[in-house]
Every structure is written in structure tokens, then in C-alpha cells.
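A closer look at the structure
The residues making up each chain are set out below.
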Amino acid sequence: MAKAKLTFKDINVTVTVPIGVRVIEISDKVGSGIVYGCREGDCGTCLMKVEDGWENLSTPSVVEDKVLREHAAGKHFRLACQAQVLGDVTVSPA
Amino acid sequence: MNKQIIEAVNGNQAVPVSDSVHWIGALDPTLRTFDIILKTANGTSYNSYLVRGSEGVAVIDTVKEQFSDTFFARLESIASYDEIKVIVLNHLEPDHSGALPELMRRAPQAQLYISQRAQSMLKALLNQNDFQFKTVNTNDTVSLGDRTLRFLHTPYLHWPDTQCTYLEEDKVLFSADVFGCHFCDNRLFNDHVGDFRFSFEYYYAHIMRPFKEYVLKALALIEPLELASIAPAHGPVLRDRPLDYVKRYRELSTSRLHSEVKDQEKSLLIFYISSYGNTARMAEAIYAGAGEIEDVRVSLFDLEGSEVSPFVDLIEEADGLVFGTPTINGDAVKPVWDLLSSLAVVSTRGKHGAAFGSFGWSGEAVRMVEDRMRGLKMQLSVPGIRVKLIPTDEELGLCEEFGRNIANALVGRFEQKNIEIESL
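Only a predicted model underlies this, so the values are computations on that prediction, with no experimental measurement involved.

How each quantity is defined
Residues numbered from 1 in each chain as written. Chains lettered and ligands numbered in written order. Predicted model: local features only at pLDDT ≥ 70, side-chain atom pairs only at ≥ 80, totals over all residues. Pairing = 2+ DSSP bridges. Helix = DSSP H or I, 4+ residues; strand = E, 2+ residues; numbered from the N terminus. Axes fitted to C-alpha atoms, helices over the stretch in contact; angles between N-to-C directions. Core = buried A, V, L, I, M, F, W, Y, C linked by C-beta atoms within 7 Å. Buried ≥ 20, exposed ≤ 12 C-beta atoms within 10 Å, placed from the backbone. Contact = placed C-beta atoms within 7 Å. Arc of directions from axis to C-beta. pLDDT = per-residue confidence, 0-100. Domains from an automatic or database assignment. Nonpolar A, V, L, I, M, F, W, Y, C, P; charged D, E, K, R; others polar. Right-handed = clockwise from strand over helix to strand, strands pointing away. Parallel < 35°, antiparallel > 145°, perpendicular 65-115°, else oblique. Left-handed = near helix turned anticlockwise from the far one by under 90°.

**Re the sheet that holds strand β3 (residues 47-52) of chain A**
For sheets, the rule is that strands pair by backbone hydrogen bonds, running either parallel or antiparallel. The six strands lie next to each other as β4(A)-β3(A)-β5(A)-β1(A)-β2(A)-β22(B), forming an open sheet whose pairing is mixed. The two strands at the open ends of the sheet, each matched to only one other strand, are β4 (77-79) of chain A together with β22 (417-420) of chain B. Between one strand axis and the next, the sheet turns through 35 degrees on average, direction left out of account. In the sheet, β3 of chain A pairs with strand β5 (residues 89-93) of chain A via four bridges, with the strands oriented antiparallel. Its bridge partner lying in β5 of chain A, D52 of chain A is registered against T90 of chain A.

Okay, structure coming up:
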């Protein structure tokens, strides 16, 4: 099974995960500072900064893009409840 | 000599506020509970305003839907619908947007202005997919000829969509819910109405306080303005000494108690409650461990010894919170839930949290408290610690380490860790 390294910069933890995992599935379990609201891609609470490996996340859906725009999110920001890991990525709370 | 009663609100007439501004809102004197969480002893008002310029008229906010008749009657007393060039919604909550769909139907030529973040609230509130609107940001303007409206982006006061609108020539700030309160008085203006100070303080304490950081950002935009009046969306129009109210918001959103915690120190509050002293002994060990870490100021509190609200004030400014609870009947105990359910008035987002406790049977409480803290948008970087019945010396040693780990997390000291997903 293809794996990747998901690093949470704020707590210095790297987790080896299968490709396709969403950040939300891991971040609570390791105690990162990314926080969640609706957990379904609508409220924008879980905005996270992609420090490295921006190109290794799944492309945002139309719905995620709309939420990112409404929150005036900068270029390397994604919703942690939506973004799926496809390769090595480093993230931190927004 | 009989005193003349200064009743500004009279029948369905609009009330002049300045040269070009009229109040066209509605009074709701029988309301006693607003939005579940707020009480009011004399009702509230839904303040809507009409601004007249040489090239057209603007309507700033509307009213709660069931007061539409009075709103339209007041509007019609000073303007015709075809004169309305601009409609501004500073806030999309139904008590301000209730009459908007009908207003837009009566004035189809009018352009609606909302804040950028208001887009995410439109569907849910106005149930419309085909509204035409323009989004505006700070310092965007719209002209009514000899009158200019300038927008200030002031989100999260108290919804994502909120903004303020400043009428430059008359120096009137239409502030939406900022500087507002639930107080109903047909004398309308702050220099004539009854004593509304408690309503003003109460409104801030419940509605704005959780968004203190956003209040400060908004004040940075508002404080430089020349202000003749503040025209909020609820309560008295503040035409007398409006700057006093801006100053009061500045005071309320600044630290209310002088803190002894130094700038570079992080503050950690450990709360506990204990039946037989086991959770208490864990608390003391955690306190000792945390106390070894530099730049962390640790406090230890027994929940049996205080009411909830003084702790809420401390929690507002603390960097980390730890809760110790026994498990009784598969639950954390009520004093812990009382405190954890009283934190909606402050912002807990991003604070560090952890939980611990002794138990006899199954020990569910610690995880329940952790779930609650995650729901409060806190960061839980140290897993909770549970001990069956009386803690052994070894277990107390683990509690000390738990305390050190939490304190280290507060100052950002994390050991590098590589984890396989299977171990999670």
C-alpha cells in the first residue's frame, strides 16, 4: 500500500499514513492544534497552513474552493477536514 | 410644571437622526428572551436607517420579519421605493434581514451590499439562490451623490458576516450589533432614554466577549473615525458622547484584572474535584511536575471552593487548562460540567487542554472531558491520564511527568516523534 509522511509542524510529529487519508483522521489523535467545527467542509474552522508538500494534497473540490474564498484564505491554506494526503506533506494550524 | 415627555418614536413616522439619516426601525417591547441566551427587561428594538443623498436613498438593515408592516410604513413616510438606490445589510441575522426579501421585491432597482464573508450565510438565512448582491470590504465606498457610505469589514461581531457602514458627511457610524443592546425605549436617543447601562454591559458580556480579538481589530478601524453618532442595530441611538461608548468597548476588551503573569510566561490552570482524595493527589503531582518547567505559571484550584464565573474570567486569559474529575455513574461530575458548559462567553480556541482523574469501575469521565475540550476547539497534545482507585507512587510519578509534558507543550517544547498509523 502506498504510504506518505504527514508532519504536524506545531507538535513536531510525523505520522506514516496510507495515501488518501484526510488530515482530520489523524490530527486529533496526535494532538495537533488544528481545530474543527462542522467536520464536513462548510464552516471553515479547520483552515490549516500547508508548510510543505502543497502539491501532494488532493485538489480542492468546488465546495472547498468556495469556502476557502469566502474566508479569504491565502494560497497555501486548505481545509483539514477535506484535504487528502497523496505524498509527503507538512501542515500547521492556520 | 409638567415635564414634556420626549417620545421620539411616534406611530409609524420615521425619526430624524441627522441631516440625511432617519430611523425607520421597529420597537419590540414585549420580548423577554432574545436568541435563547439573552434576557431583556423591557424588550428590544430592530434599528433600521434611511440615508438620503442628492442621487438616491440607501436603506441600512431592515427588521425582524413580523415587524415588516411598521418598517415599510416608516420608510414610505419619507421615501418612495423607486428612490432606493442602495440597500446595505451590515448583518444577516433574521432580526435584521427579515424584511429584506420584500424590500428587494418593492425596490428591484436597488443594489444590495454585504460583506465578503456574508456570502456563506446568505443561503441559510434568506433561502434564495438568485439574489443579486455586491460584496464590499474595508474602505470600499458607495455614493448617493452628496452623501458617501464607506464600509468597514468587522467580522465575527458577532457573526462572520458582520460589517459597519460609515456615513462620511454626517459622521454617523451604522455599527450593526456592535455598541448595541436589548433595550426598548420610545425616546430612542441615549440622552433621553432610561438607564440602559446594564443592558449595554450585559450585551457585550454575552455577545461580543467571545470575540474579543475581533473587537480589538474593529476598534482599530473605528477609533480613528470622527463620530457625531453611533447608530447600532439594537437599542438606543448613541448621539450623545458616542466616543464614550467606543472607549467602553476598548476597556471591556482589554484585560480586566491586572495580571502578575509576566509577558514571556504561559499560564496553566489545574482544576480538580475529589471525593476520597485520589483525584486530588493526582492534581498535586501534576501541579508539582508542571511547576518544574520554566516560564510556566501554574495554579491549582479545587472546584468545590468556588462558583463558576470567577474561574471563567481566569480561563479567558489562560494558555492551558487541565481538568481533574472522578468518574461517578459513568460520567464526569456536575461541577466539572458546570464549568465546561459556562465557557461560551469566552474564547477557548487554541488553548491547550488535558484531563485526568481517578475512577473505581470504568473511568469514562476523562475521555468525555477530553471530547468536550476538543469541542471547545482546544488543543489536546497530551493524552489524559486515568488511575484506578488509589494512585501508587509509580502512578503519581506518571502524573508528575504528565504535568511536565503539559507545561512543555505550552511553551512549544515538543520532542520529535515518528509514528506509524497502526499505533494510533
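Right, picking up where we left off after that structure.
**Thoughts on the nonpolar core**
All names here are of chain B. By size, the foremost hydrophobic cluster in this structure holds 78 residues, and its most contacted members are Y49, L50, V51, A58 and I87. When residues in this core are grouped by element, the largest group, five residues, is from helix α5 (residues 197-208). Residue contacts for Y49: discarding those within four places in its chain leaves V17, V21, H22, W23, I24, I60, F174 and A231. Counting residues in hydrophobic clusters, the runner-up holds 46 residues, among them L269, A283, F311 and A318.

**Focus on helix α7 (residues 242-252) of chain B**
Residues and elements named next belong to chain B. Among all positions in α7, only P242, Y245, V246 and Y249 are buried. One face of α7 carries all of its buried residues, which in axial projection span an arc of 100 degrees. Relative to its buried face, α7 has exposed residues pointing more than 90 degrees away, namely D244 and E251. On its buried face, α7 is in contact with α5, α6 (212-222) and β16 (229-232).

**Quick word on the confidence of the model for chain B**
Averaged over all residues, the pLDDT of chain B is 94; the fraction at 70 or higher stands at 96%. The ipTM, which scores confidence in the relative placement of chains, is 0.93 for this predicted complex, and the corresponding pTM is 0.90.

**Structural notes on the pairing of β3 of chain A**
Pairing geometry for β3 of chain A and β4 of chain A, over three bridges, is antiparallel. Bridge pairing in β4 of chain A places L47 of chain A opposite L79 of chain A.

**Details of the domain arrangement of chain B**
Residue and element names in this part refer to chain B. Taken domain by domain, chain B comprises domain 1 (15-252) and domain 2 (266-409). Look at where the C-alpha atoms of domain 1 and domain 2 centre, and you get two points 42 Å apart. Listed per partner, the contact involves five residues of domain 1 and four residues of domain 2. Residues that form the side of domain 1 that touches domain 2 fall into these classes: two nonpolar, one polar and two charged.

**Notes on the pairing of strand β17 (residues 266-272) of chain B**
Residues and elements named next belong to chain B. Where burial is concerned, most of β17 is hidden: seven out of the seven residues are buried. Burial along β17 is two-sided: K266, L268, I270 and Y272 facing one way and S267, L269 and F271 facing the other are all buried. Handedness of the β17-helix α8 (residues 278-291)-strand β18 (residues 296-302) crossover: right-handed. Bridge count between β17 and strand β19 (residues 320-324): five bridges; the pairing is parallel. Opposite I270, over in β19, you have V322 as the bridge partner.

**Regarding the interface of chain A and chain B**
Listed per partner, the contact involves 16 residues of chain A and 21 residues of chain B. Counting only elements with at least two residues in the side of chain A that touches chain B, the list comes to β2 (13-18) and α1 (24-30) of chain A. With six residues, the top contributor of residues to the side of chain A that touches chain B is β2 of chain A. By residue class, the composition of the side of chain A that touches chain B is eight nonpolar, five polar and three charged. Both β2 of chain A and β22 of chain B contribute to a ladder of four bridges, which runs parallel. By the bridge assignment for β22 of chain B, T16 of chain A is matched with E420 of chain B.

**So, the packing of α8 of chain B against helix α12 (residues 393-410) of chain B**
Each pair of packed helices can be summarised by the angle the axes make with each other and by the distance between the axes. Residue and element names in this part refer to chain B. Direction vectors running N to C along α8 and α12 enclose 45 degrees, while the axes themselves pass 7 Å from each other. Looking at the two axes, α8 sits oblique to α12. Here α8 runs over α12; the crossing is right-handed. Contacts between α8 and α12 involve R281, M282, A285, I286, Y287, A288, G289 and A290 on the former and, on the latter, L396, C399, E400, E401, F402, G403, R404, I406 and A407.

**With respect to the environment of R105 of chain B**
Secondary-structure assignment places R105 of chain B in helix α3 (residues 100-106). When the C-alpha positions of R105 of chain B and Y81 of chain B are compared, they lie 9.8 Å apart, and in sequence the two are 24 residues distant.

**As for the sheet that holds strand β15 (residues 172-176) of chain B**
All names here are of chain B. Strand order in the open sheet formed by five strands is β12-β13-β14-β15-β16, and the pairing between neighbours is mixed. With one partner strand each, in any of the chains shown, β12 (141-143) and β16 form the two edges of the open sheet. Averaged over all pairs of adjacent strands, the angle between their axes in this sheet comes to 20 degrees, without regard to strand direction. Relative to β15, strand β14 (residues 163-167) runs antiparallel, the two sharing three bridges. For Y166, the partnering residue across the bridge sits in β15 and is L173.

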